[in-house]
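Per-entry structural report
What follows is each chain in one-letter form.
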Amino acid sequence: MSWFPRDQWYVAAYGSEITHDLFSRTVCGEPVLFWRTRDGVVTAMPDRCVHRRFPLSQPPSRLVDDQVVCGYHGFTYDAGGKCVAVPGQARVPRTARLLPYPVVEQDSFVWVFIGDPAKADAARIPRAPWLVDPGYTTVSGMEPLNARYGLLVDNLLDLSHETYLHGGYIGTPEVASTPITTEVDEDAGIVFVSRHMDDAECPPFYAKSTGLQGRIARWQDIEYTPPCLYKLHSRIAPVGSVPRADGTDPDAFHVEVVYAITPETETSTHDFWAVARDFALGDEEVSAFLADSNRTVVLQDVVALNVLEQVIANEPEGYQELSINIDTGGLAARRMLGRLCGRS
Amino acid sequence: MTAGNRVFRIHWVPGTDRLHAVCHCAAEREFEDPVELWEWLLGHPVGHTS
Ligand code: FES
Ligand SMILES: [Fe+2]
Ligand SMILES: [Zn+2]
């Protein structure tokens, strides 16, 4: 049993973070070195020299064309991780090679496969097409979280906490008081939680961005694909408006809130967030407002979960919790994660 | 929301504190505790006579 699901795809970075420069990020306890070759392709390999394990992202390690030169004794690797030169001798040991990680750049993210590379199937990477769709405008960020990833999964699967932790931003009384529907698709490996508030207060996050005044219909449809990708399909509309039979929904504002939950270590997490909207396209003021508000909300969660991590870390194994109706989806997600970690 | 072959569905019974669970085998039952609910659903087919 592992503390995280192995043989899975994880978001390691935004594509925009990886340039023709050395970049390191720890994913599931593994330090990974990234750079973009001159052809624009993202490479991923262990951020440890095979010689004495000096980090290849650490100066004076450097990138020379499409080769990385270790800053300690000069072992030189190509973009595929093969060692092509060592100091003082002509023969490069056959085993001098960094095993590259399968890597896919998709939907603005850089995904890496942590586990047995033979099992990496890029078709299994869940999609978030809005993040690169010209019909949407997206703001995004990433916050470091000093808490185990499971706490962020719990947090995102139960949005009733918006009412308490995010009051004045995205929380209103109706979020906590509206019943949820939960569905678990065992074959697809997806947890759905939906909360349709048909007559709700409009929180500032949506009032200021959409311009809607007064009460609204606010639908939250969560789609979580363990372990990494979480999507909240948020629909904001005048009270009484519903999507049309043909599937169009012209009176509503749609916001796709996407999180990538990537374990860094056993007790820390990369909290990637993105907010894509199908209105006020390209409007810089709305973008700045949504980016600022969402980051504030994410940081409210980060502060709370950092505290919770300390509490849990200092409690004996098997501490008691109490679950109620709002936890139905979170319990389903935990169970799926447990199974992916190799628990029965 | 989804149309897979093995889907569990849980509805919060309107106006109550109860959860209505439906297994992919069509067995259904009401619960007041989501932990017990998942034990029953995941115990399929034990006690799932519909
Ligand atoms: S540690 Fe990299 S060359 Fe020695
Ligand atoms: Fe939150
Ligand atoms: Zn059953």
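Nothing here was measured: the structure is a model prediction, and the numbers come from that model.

What follows is about the environment of V139(A). Residues and elements named next belong to chain A. Tracing the backbone through its elements, the reader meets V139 in strand β11 (residues 137-145). Sequence separation of V139 and S287 is 148 residues, and the distance between their C-alpha atoms is 6.4 Å. Setting aside anything within four residues of it in sequence, one finds V139 in contact with W273, A274, V275, S287, L290 and A291.

On to the coordination of the zinc ion (ligand 3), then. Residues and elements named next belong to chain B. Every protein donor of the zinc ion (ligand 3) is accounted for by C23 (SG), C25 (SG), H44 (ND1) and H48 (ND1), and the metal-donor separations fall at 1.9 to 2.3 Å. Around the zinc ion (ligand 3) sit four donor atoms, and with donor-metal-donor angles ranging over 102 to 114° the site reads as tetrahedral. Here the donor residues of the zinc ion (ligand 3) are spaced in sequence according to C-x1-C-x18-H-x3-H. Of this pair, C25 sits in the loop between β2 (19-22) and β3 (28-31) while H44 sits in the segment after α1 (34-42), placing them 19 residues apart in sequence. Under the relative-accessibility criterion, C25 is labelled partly exposed at 25%. For H44, a relative accessible area of 29% puts it in the partly exposed group.

Contact residues are listed per partner, giving 20 residues for chain A and 20 residues for chain B. For the pair chain A and chain B, the summed buried surface comes to about 1,900 Å²; carbon and sulfur atoms form 60% of the total. At the surface where chain A touches chain B, the tally comes to two salt bridges. Note that R9(B) and E183(A) form a salt bridge whose closest N and O atoms lie 3.2 Å from each other. In this assembly, chain A and chain B are joined by seven residue pairs in polar contact (both at pLDDT 80 or more). Those elements that place two or more of their residues in the side of chain A that touches chain B are β12 (181-185), β13 (190-200) and α6 (328-340) of chain A. Take the side of chain A that touches chain B: its biggest share by element is five residues, from β12(A). Split into classes, the residues belonging to the side of chain A that touches chain B amount to eight nonpolar, six polar and six charged. Judged from the five bridges that link them, β12(A) and strand β1 (residues 7-12) of chain B form a sheet pairing that is antiparallel. Bridging from a neighbouring strand, T182(A) pairs with I10(B) of β1(B).

What follows is about the nonpolar core. F34(A), L157(A), V191(A), Y224(A), Y230(A), W38(B) and L41(B) are the most contacted members of the largest nonpolar core, which totals 94 residues. For this core, the domains that each give at least three residues are domain 1 (8-124) and domain 2 (129-340) of chain A. If we skip the residues at most four places from it in the chain, W38(B) touches V184(A), T328(A), L331(A), A332(A), F8(B), I10(B) and G43(B). If you look at the next biggest cluster of nonpolar residues, it comprises 15 residues, including L33(A), M45(A), C83(A) and A96(A).

Quick look at the coordination of the iron ion (ligand 2) now. All names here are of chain A. Around the iron ion (ligand 2), the donor atoms from the protein are H161 (NE2), H166 (NE2), D301 (OD) and D301 (OD), and they sit 2.1 to 2.5 Å away. Around the iron ion (ligand 2) sit four donor atoms, and with donor-metal-donor angles ranging over 57 to 138° the site reads as irregular. If you list the donors of the iron ion (ligand 2) from N- to C-terminus, the spacing comes out as H-x4-H-x134-D. The exposure classification of H161 matches that of H166, with both residues buried.

Take the packing of helix α1 (residues 149-157) of chain A against α6(A) next. All names here are of chain A. Axis separation between α1 and α6 bottoms out at 8 Å; the angle between their running directions is 150°. With respect to the hand of their crossing, α1 and α6 are arranged in right-handed fashion. Here Y149, V153, D154 and L157 of α1 come into contact with α6, specifically with G329, G330, A333, R334 and L337. Class assignment for the residues of the contact of α1 with α6 results in five nonpolar, two polar and two charged.

Residue and element names in this part refer to chain A. The full count for this structure, using the stated rule, is one cavity of 30 Å³ or more. Only α4 (204-210), β14 (216-225), β15 (229-238), β16 (253-265) and α5 (284-313) provide two or more residues apiece to the lining of the largest cavity. Considering only residue class, the lining of the largest cavity consists of 10 nonpolar, five polar and three charged.

Another point: the pairing of β3(B). In this structure, β2(B) lies alongside β3(B), joined through four bridges in antiparallel fashion. Within β3(B), the position partnered with A21(B) by the bridge is R29(B).

Reading the values: rules and limits
Residues numbered from 1 in each chain as written. Chains lettered and ligands numbered in written order. Predicted model: local features only at pLDDT ≥ 70, side-chain atom pairs only at ≥ 80, totals over all residues. Heavy atoms only, no water. Helix = DSSP H or I, 4+ residues; strand = E, 2+ residues; numbered from the N terminus. Contact = heavy atoms within 4.5 Å. Donors = N, O, S within 2.8 Å, 3.2 Å for Na, K, Ca; no water. Tetrahedral: all angles 85-135°; square planar, octahedral: opposite > 155°, others 65-115°. Buried < 20%, exposed > 50% of the residue type's maximum accessible area, 1.4 Å probe, protein only. Buried area = accessible area lost by both parts, 1.4 Å probe. Salt bridge = Lys/Arg side-chain N within 4 Å of Asp/Glu carboxyl O. Polar contact = N/O pair within 3.5 Å; in protein donor to acceptor, adjacent residues only side chain to side chain. Nonpolar A, V, L, I, M, F, W, Y, C, P; charged D, E, K, R; others polar. Pairing = 2+ DSSP bridges. Core = buried A, V, L, I, M, F, W, Y, C linked by side-chain atoms within 4.5 Å. Domains from an automatic or database assignment. Axes fitted to C-alpha atoms, helices over the stretch in contact; angles between N-to-C directions. Left-handed = near helix turned anticlockwise from the far one by under 90°. 1 Å grid on protein atoms, 1.4 Å probe; cavity = no way out; pocket = protein on both sides within 12 Å on 5 of 7 lines; lining within 4 Å. Points joined across faces, edges and corners; volume = space filled by probe spheres on them.

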